[in-house]
Amino acid sequence: MSVTTRQDQMVDPTPATDKKNVESAVVEGRTLELRVGNINGVQHVWTRLTEPKPGDVIWIERTTDGGAHWKAFGKRTITAGGRNYTDALRTDPSDQVRMRAHTDLKDGDAYQTAPF
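Residues numbered from 1 in each chain as written. Predicted model: local features only at pLDDT ≥ 70, side-chain atom pairs only at ≥ 80, totals over all residues. Heavy atoms only, no water.

Draft legend 1. Looking closely at the overall build of the chain. On a plain count of helices and strands, the chain comes out with zero helices and eight strands. When the elements of the chain are put in sequence order from the N terminus, they spell out β-β-β-β-β-β-β-β. Referenced to the eigenvectors of the C-alpha coordinate spread, the extents of the chain come out at roughly 40 × 30 × 20 Å. A total of 116 residues make up the chain; the buried ones form 36% of that total. A separation threshold of at least 6 residues defines the contact pool for the chain, and within that pool the share at least 24 residues apart is 56%. A total accessible area of about 6200 Å² is found for the chain, and carbon and sulfur atoms account for 45% of it. (Helix = DSSP H or I, 4+ residues; strand = E, 2+ residues; numbered from the N terminus. Buried < 20%, exposed > 50% of the residue type's maximum accessible area, 1.4 Å probe, protein only. Contact = heavy atoms within 4.5 Å. Areas by Shrake-Rupley, 256 points an atom, 1.4 Å probe, with all protein chains shown as cover.)

Draft legend 2. Structural detail: the packing of aromatic side chains. Applying the stated criterion to the full structure yields zero aromatic pairs. Stacked on the ring of W59, the Lys or Arg K75 has its end atom at 4.2 Å from the ring centre. Over the ring of W70 we find R100, and its NZ or CZ is 3.7 Å from the ring centre. (Phe/Tyr/Trp six-rings, centres within 6.5 Å; stacked < 30°, edge-to-face > 60°. Lys NZ or Arg CZ within 6 Å of the ring centre and 35° of its normal.)

Draft legend 3. Examining the sheet that holds strand β2 (residues 30-39) more closely. Strand order across the open sheet formed by four strands is β1-β2-β3-β6, with antiparallel pairing between neighbours. Across the chains shown, the open sheet's two edge strands, defined by having one partner strand only, are β1 (17-27) and β6 (89-90). In terms of strand pairing, strand β3 (residues 42-50) meets β6 through two bridges, oriented antiparallel. Directly across from H44, in β6, lies its bridge partner R90. (Pairing = 2+ DSSP bridges.)

Draft legend 4. Spotlight on the pairing of β1. Pairing analysis gives eight bridges linking β1 to β2, with the strands arranged antiparallel. Each bridged residue has a counterpart across the sheet, and for N21 the counterpart in β2 is R35. In textbook terms, the turn of a hairpin is the stretch between consecutive antiparallel strands, and for β1 and β2 this stretch comprises two residues, one of which, E28, has a positive phi near 50°.

Draft legend 5. Summary view of the pattern of salt bridges. Considering all chains together, one arrives at six salt bridges under this definition. The salt bridge partner of D56 is R30, with a shortest N-O separation of 2.8 Å. Of this pair, D56 sits in the loop between β3 and β4 (57-63) while R30 is found in strand β2, placing the two residues 26 residues apart along the sequence. Across the pair, exposure class does not vary: D56 and R30 are buried alike. Residue D107 pairs with K53 through a salt bridge whose shortest N-O separation is 3.3 Å. Of the two residues, D107 is situated in the loop between β7 (98-104) and β8 (110-112) and K53 in the loop between β3 and β4; the sequence distance between them amounts to 54 residues. Counted as one network, the salt bridges with shared partners bring together R30, K53, D56 and D107. (Salt bridge = Lys/Arg side-chain N within 4 Å of Asp/Glu carboxyl O.)

Quick look at the structure:
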């Protein structure tokens, strides 16, 4: 059964506190990370790609039905010298809501982390 959640606004994760990786995957010499932190006392997640190359694309995927369907949030194409992380999306305590980091490497394949 799908969980109904409001359309969350994405926010800049820079001011987040208690930042940490909750899932990660080494992909073609880069590390794809699903990060978590608190913004104004509320837990959020975002995607970060270490050692990115211009043209790599990153985003967060979220499911509200336990993994049957996934929706992309915060898709970002990385530019030379640009930001290597997405905006942050609020988490949800429901066991039907899961999130994962996703990337489509310009010179490689698409990858994702395990869900959190």
